[in-house]
Amino acid sequence: MGHGTMATPPTTTITPAKTTLVFTYGTLKRGFSNHVLMQDLIRSGDASFKGVYQTLDKYPLVCGPYRVPFLLNKPGTGHRVTGELYAVSPRGLSRLDELEGITRGHYVRQQIRLAAADKEGGDLETEHASSSCVVEAYYAHKSYEEELWKRNGGRSFGAYTENEARGYVKRKDRPQHLTFLDHIRIFVSSPCD
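To keep things clear, this report deals only with the structure shown in the data block. Just so it is clear, the structure is predicted and the values come from calculations on it, not from any experiment.

To continue, consider the packing of aromatic side chains. Scanning all chains against the criterion turns up seven aromatic pairs. A ring pair is formed by Phe70 and Tyr144, whose centres lie 5.7 Å apart and whose planes are at 80 degrees; its orientation type is edge-to-face. You can see Phe70 sitting in strand 4 (residues 69–71) and its partner Tyr144 sitting in helix 3 (residues 142–151), a full 74 residues away along the chain. With respect to burial, Phe70 and Tyr144 carry one shared label: buried.

For helix 1 (residues 35–43), every residue scored as buried is listed here: His35, Leu37, Met38 and Leu41. Down the axis of helix 1, the buried side of the element spans an arc of 150 degrees, and every buried residue falls inside it. Pointing more than 90 degrees away from the buried face of helix 1 are the exposed residues Val36 and Arg43. Contacts made by the buried residues of helix 1 are with strand 2 (47–55), strand 5 (82–88) and helix 2 (90–99). Directly after helix 1, the chain includes Gly45, whose backbone phi takes a positive value near 80 degrees.

As a further point, take the pattern of salt bridges. Counted according to the given criterion, the structure contains ten salt bridges. Put simply, Arg95 and Asp40 hold a salt bridge, and the shortest N to O gap is 2.7 Å. Of this pair, Arg95 sits in helix 2 while Asp40 sits in helix 1, placing them 55 residues apart in sequence. By relative accessible area, which is 36% here, Arg95 ends up partly exposed. With its nearest N and O atoms 2.8 Å apart, the salt bridge here joins Arg109 to Asp97. Residue Arg109 is located in strand 6 (residues 107–116), and its partner Asp97 is located in helix 2; the two are separated by twelve residues in the primary sequence. With relative accessibility at 17%, the residue Asp97 sits in the buried group. Each of Asp97, Arg109 and Glu136 takes part in one network of salt bridges that share partners.

Each value, and the rule that gives it
Residues numbered from 1 in each chain as written. Predicted model: local features only at pLDDT ≥ 70, side-chain atom pairs only at ≥ 80, totals over all residues. Heavy atoms only, no water. Phe/Tyr/Trp six-rings, centres within 6.5 Å; stacked < 30°, edge-to-face > 60°. Helix = DSSP H or I, 4+ residues; strand = E, 2+ residues; numbered from the N terminus. Buried < 20%, exposed > 50% of the residue type's maximum accessible area, 1.4 Å probe, protein only. Arc of directions from axis to C-beta. Contact = heavy atoms within 4.5 Å. Salt bridge = Lys/Arg side-chain N within 4 Å of Asp/Glu carboxyl O.

The analysis is restricted to geometry; functional conclusions fall outside its scope.
Put into structure tokens, the structure is as follows:
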């Protein structure tokens, strides 16, 4: 028989998939209706919570039809927006892109600069000594962004809270014979409340 040597099992190096840092400011945050997707991604290892962050620059955060939140890509206008940051795998990012209607012209995913908002944030390494980082966020699509801003009377808020979400209607409870873009067109053409 053998001389006491044991076979060494082969080692496998697992390279973590490249993650994308995604800033969530609305219904994907904890406590809101679409956070179930984030929870699912966390359970499957496709996302991890990084903390509470705030935009470095001011941006308008407004509500559209059914109290759906939209971040408008108009830096310097509005408020520093507070939200949650997640590291998301490519598979998780694909699911977020689907929810946000990237291929259907609902939202666009683009870069945004953040800073830690409080003690829950700031666990990211940054290139410089500053505490800011560049991540991605879902902005309202350019095709209706300006009309949405005008419809909100140039008013925005710094965080999507229970107050702003009051009256939110889940996707499954909205009229199904209209597309989301139809809902937006009807909303921006209707008189302000």
